[in-house]
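# A look at the structure
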Amino acid sequence: GAPVESMAAAHIERNIAEGQDSILEPLSLPESPAINVSADRGAPVPCILCSESFSLSETETLLKHFILEHRLVIGDVKLIADFRRYILYWRKRFTEQPITEFCSVIRTNAQAPVERQEDYFLLCDVLPEDRVLREQLQQKRLEEILDQQQKERDDSSFHRACMFCSEDFSGNRSLLLNHMAKEHGFNVGLPDNIVYSEEFLDTLQGKLDNLQCLYCEKTFRDKTTLKDHMRKKQHRRINAKNQEYDRFYVINYLVGHLVLQQGHSLLICSHNNIPSPF
């Protein structure tokens, strides 16, 4: 009920208020969003229950480790806004109380002899403390993203060449994005809907430098062949099914926030069920 949730919220707030000793350090964006995203991805994620650690890119491996080594299952992982801080929080809490205080116990082979029965532990938002944690992580991430979006809207120091014609643009990023849409038919959506735009453009430029079509993602032998292909096939657009681009669209963070407000199990954030940004 509400009193239990209030206690959970108060506990998490205390952890946040502890400052640098807290397992949930205050979140803040450095001056360069590209560095922030890369650095965050490179930070190791420790196992909740042992000394093993993994990179964020190895999340699937870590989840398998939880199951195979510790019989621990985390529910709705895709709805966790900051997976590393979520794990760090529970790693600390699991040192304070037994795992059974936080997890539902699922017994497998219940009808089999005792020696063949196994208990698995489910950590999910049925636990009020877990639900509050997920909501607070989502809220902090959304605040970060909206703050970053506003910084990029106000930034007049942007300077970059068009990836299709090499014309230089200075001032606001929207000048380049609107140019590519109007002059080259390359529409990635409204500039104000994009966040971490420098890294977004770096990602696109990197694919073109590697002679890869941005839409079908096939690789070609030279730049001329690639340009002809993208023009003739009308492939001057990005592949909306490629989840690599999700983090560059503000709507994905907003959808995640709404999901938590309405109930975790209603929706999994993916390109299959969010409004198209294009």
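What comes next is a walk through the structure.

Calculation notes
Residues numbered from 1 in each chain as written. Predicted model: local features only at pLDDT ≥ 70, side-chain atom pairs only at ≥ 80, totals over all residues. Heavy atoms only, no water. Core = buried A, V, L, I, M, F, W, Y, C linked by side-chain atoms within 4.5 Å. Buried < 20%, exposed > 50% of the residue type's maximum accessible area, 1.4 Å probe, protein only. Helix = DSSP H or I, 4+ residues; strand = E, 2+ residues; numbered from the N terminus. Contact = heavy atoms within 4.5 Å. Salt bridge = Lys/Arg side-chain N within 4 Å of Asp/Glu carboxyl O. Disulfide = S-S within 2.5 Å. Patch = residues over 30% accessible without salt bridge, like charges linked within 9 Å, V, L, I, M, F, W, Y side chains within 5 Å. Areas by Shrake-Rupley, 256 points an atom, 1.4 Å probe, with all protein chains shown as cover. Axes fitted to C-alpha atoms, helices over the stretch in contact; angles between N-to-C directions. Left-handed = near helix turned anticlockwise from the far one by under 90°. Pairing = 2+ DSSP bridges.

Once that is clear, we can look at the nonpolar core. M180, F200 and L204 are the most contacted members of the largest nonpolar core, which has 30 residues in total. Those elements giving two or more residues to this core turn out to be α5 (128–154), α6 (173–184), α7 (197–209), α8 (223–232) and α9 (250–262). Residue contributions to this core peak at four residues, all from α7. When sequence neighbours within four positions are dropped, the list of residues in contact with L204 reads M163, F186, L214, I238 and Y245. Counting residues in each nonpolar core, the second largest holds 25 residues, with L72, I74, I99 and F102 among its members.

This part takes up the pattern of salt bridges. Summed over the entire model, instances satisfying the criterion amount to 17 salt bridges. Here R160 makes a salt bridge to D202, at a shortest N to O gap of 2.6 Å. Taken together, the residues R160 in strand β6 (residues 158–161) and D202 in helix α7 connect sequence positions 42 residues apart. Relative accessible area serves as the criterion here: at 14%, R160 is assigned to the buried category. For D202, a relative accessible area of 41% corresponds to the partly exposed category. Across the salt bridge formed by R231 and D228, the nearest N and O atoms sit 3.4 Å from each other. Within this pair, R231 and its partner D228 are both found in helix α8, separated by three residues, close to a single helical turn. Given a relative accessible area of 48%, R231 falls into the partly exposed group. Looking at D228, the relative accessible area reads 30%, which means it is partly exposed. Connected via shared salt-bridge partners are D82, R85, R141 and E144.

What follows concerns the state of the cysteines. Here the structure, examined in full by the defined rule, presents zero disulfides. Cysteine C47 remains unbridged, with the sulfur of C50 as its closest cysteine sulfur at 3.6 Å.

Side chains of I67, L68 and V73 sit close together on the surface and give an oily, nonpolar patch of about 260 Å² of accessible area. Mapped onto the secondary structure, V73 falls in strand β3 (residues 72–74).

Once that is clear, we can look at the packing of helix α4 (residues 83–96) against α5. At a closest axis distance of 11 Å, the pairing of α4 and α5 adopts a crossing angle of 145°. Where α4 crosses over α5, the handedness of that crossing is right-handed. Together, R85, Y86, Y89, W90 and R93 of α4 and E129, D130, L133, R134 and L137 of α5 make up the contact between the two elements.

Sheet topology note: the β3/strand β5 (residues 118–123) ladder contains three bridges and is parallel. If you follow L72 over to β5, its bridge partner there is F121. Note that strand β4 (residues 104–108) and β5 share five bridges and pair antiparallel. Within β5, the position partnered with I106 by the bridge is Y120.

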